[in-house]
Amino acid sequence: MASSSGPALNEELQCSICLEVFTDPVTTPCGHNFCRTCLIKCWTHTQTCFCPFCKETFSKRPDLKINTTLREVVQHFKEKLSLGESEGFCDICDERKQKAVKTCLTCQSSYCDSHLEPHRRVPRLNKHTLINAVENLEDYICQKHERPLELFCRDDQTCVCLFCTEGEHRTHNTVPLEEESREKKNQLVQTQTDIHQMIQDRMKKIQEIQHSVKLRKRNTEEEKSSSVELFTDLIHSFERCQSELLKMMEEQQKAAEKQAEDLINELQQEITELRKKNTELEQLSHIDDHLHILQMYSPLCSYPHTKNWTEIRIDSDVNVNSLHRALTQLKKTQETLNEKLSQTGLKWAQKYAVDVTLDPDTANPYLILSDNGKQVSHGDTEQDVPENPKRFSEGLCVLAKEGFSSGRFYYEVQVKGKTKWVLGVARESIDRKGGVTLSPEDGVWILGLTDDNEYIVCDNPSVSFPQSERPEKMGVFVDYEEGLVSFYDVGSSFHIYSFTGQNFTEKLYPYFNPADNDESKNSSPLVISPLS
């Protein structure tokens, strides 16, 4: 179980079983968090697994995985609890040093309880400035005048000594540290209140999105039933078109759920950051060290960068007007509908196939290219290649020779036998000498497969989802004017993911990354394939 972390323990970071700060926190399917050891112990002598907090039961024992984000927040919280604590020792003790309890800024020395006695008894010493013992005494002394920092200059937002107010700060607005510290603490309380409200607003937004998705799903089911009834009036030759339309509606629902999942993830990330900021502010508000408060106020009291969620909504209605119009059109001509449906799939994208060849001038020195420029793999040693401004120095990637600044294009790549790879397109101005950051903002639109058999989409934020079977051939389609980049599993004709609404302003080049050799586990090359 966890160990206590002090009187300022935030209840949100507390396990409801042991009532102490989380250790290796795990999350149940109902969304509540517990120490991993506490939860396992709770389920040891029971046949039914249930949530100790809300009592929800689970049909099978959940696979408990560490909530890494929450664990990092807890660690950050524990570290912040130690702020202001001192391990300094008395400067007067001769033999066994006692721990200091106070530091005199006037004497510039720290004292244990015994050697502090003269400061309590002698009238002259009573006037000295005492603070809780600190190790970094130089931070509390003016480096220019070697006097205690007792005042705060509001004009320059810095701590000063009395001698400073007779020099360059003579005409400035200065106040005692205690007064400024009290004011800053009051502002901290208001900031905490604001952040708490921001957290509540985002939690409410999550509930709103979840409700919208449920409502949309219910409406989708109702509209699916309605569409099926319409289809029963058509002749059997239209049954295939019925299946295509239902598939389209399912994809719309999945897209809505995907959008909701992304929004919820983004909201939860903001909540995590806000909670972390709130924890830091709470710790600062409990510190009596006025100088430390003033020094940490500016970096800690700024609001985290967050999105305005007021106008963001998930549409719960299903727009089927176009589907009903399509059904009416079916009664007139099946050929017209078939053409319309074909434009949403792989066959339509393949109409824009282009022949691309790898550009050796751009290849990372560790990559090996075939003589015909159609294959690339990772070598174990660096190749002897000439220096070129177009060449990638860090990322294990290579671009095609052919670039496109308009229209549509499509290419296919064989990935059979590989455990990981990355494919997509990149703009011409992509950074080739530093570490390549992988996001649309940096000029790359890519999808990859990890050795955990999981697709990774380098969007903003990144998206990952498992893949039951490894694909053998991938298709990449780009519509420059529409700002669209789509990825397909060619073998199953399955659409995997699309970047939409992008704004392309430069020439785009096909992008290939075979990933590292991984001790020959991933030695198969990426092969640019002609269409079958």
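All of the points below concern the structure found in this document. (Residues numbered from 1 in each chain as written. Predicted model: local features only at pLDDT ≥ 70, side-chain atom pairs only at ≥ 80, totals over all residues. Heavy atoms only, no water.)

Focus: the nonpolar core
Phase 1: Grouped together as the largest cluster of nonpolar side chains are 35 residues, with contacts concentrated most on Trp421, Leu447, Met474, Val485 and Phe512.
Phase 2: Core analysis: the next-biggest nonpolar cluster, separate from the first, contains 21 residues, Leu188, Ile264, Tyr297 and Cys301 among them. (Core = buried A, V, L, I, M, F, W, Y, C linked by side-chain atoms within 4.5 Å. Buried < 20%, exposed > 50% of the residue type's maximum accessible area, 1.4 Å probe, protein only.)

Examining the packing of aromatic side chains
Phase 1: Within this structure, the stated rule accounts for ten aromatic pairs.
Phase 2: Ring geometry for Tyr480 and Phe504: centres 5.5 Å apart, planes at 50°, overall tilted. With Tyr480 in the loop between strand E19 (473–479) and strand E20 (484–489) and Phe504 in the loop between strand E21 (494–499) and strand E22 (508–513), this residue pair connects regions lying 24 residues apart in the sequence. Taken individually, Tyr480 and Phe504 each receive the classification buried, so the pair is uniform in this respect.
Phase 3: In textbook terms, an aromatic cluster arises when at least three aromatic residues are bridged by ring pairs, as seen for Trp348, Tyr352 and Phe477.
Phase 4: The ring of Phe163 has Arg147 sitting right over it, with the charged end atom 5.6 Å from the ring centre. (Phe/Tyr/Trp six-rings, centres within 6.5 Å; stacked < 30°, edge-to-face > 60°. Helix = DSSP H or I, 4+ residues; strand = E, 2+ residues; numbered from the N terminus. Lys NZ or Arg CZ within 6 Å of the ring centre and 35° of its normal.)

Topic: the sheet that holds strand E12 (residues 375–378)
Phase 1: Strand order in this open sheet of seven strands is E11-E12-E23-E14-E19-E20-E21, and the pairing throughout is antiparallel. The open sheet terminates on both sides in strands that have one partner only, identified here as strand E11 (367–369) and E21. With direction set aside, neighbouring strand axes in the sheet form an average angle of 25°.
Phase 2: Summarising the sheet, strand E14 (residues 408–414) and strand E23 (residues 526–529) pair through three bridges and their orientation is antiparallel. Directly across from Gln414, in E23, lies its bridge partner Val527. (Pairing = 2+ DSSP bridges. Axes fitted to C-alpha atoms, helices over the stretch in contact; angles between N-to-C directions.)

Side note on helix H1 (residues 36–43)
Phase 1: For H1, the complete set of buried residues consists of Cys38, Leu39 and Trp43. Summarising the axial view, the buried residues of H1 lie within an arc of 125°, below the 170-degree limit, and thus occupy one face. Summarising the geometry of H1, the exposed residues directed more than 90 degrees from the buried face are Thr37 and Lys41.
Phase 2: In the core, the buried residues of H1 are packed alongside strand E1 (25–27), strand E2 (33–35), strand E3 (49–50) and strand E4 (57–58). (Arc of directions from axis to C-beta. Contact = heavy atoms within 4.5 Å.)

With respect to the pairing of strand E16 (residues 444–449)
Phase 1: The buried fraction of E16 is high, at six of six residues.
Phase 2: Judged by which residues are buried, E16 turns out to be covered on both faces: Val444, Ile446 and Gly448 on one side and Trp445, Leu447 and Leu449 on the other are all buried.
Phase 3: As judged from the six bridges shared by strand E15 (residues 421–427) and E16, these two strands associate in the antiparallel manner. The residue of E16 that forms the bridge with Val422 is Gly448.
Phase 4: When E16 meets strand E17 (residues 454–457), the two strands line up antiparallel, connected through three bridges. Residue pairing across strands places Leu447 opposite Val457, the latter belonging to E17.
Phase 5: Taking the residues between adjacent antiparallel strands as the criterion, E16 and E17 are bridged by four residues, where Asn453 takes a positive phi near 60°.

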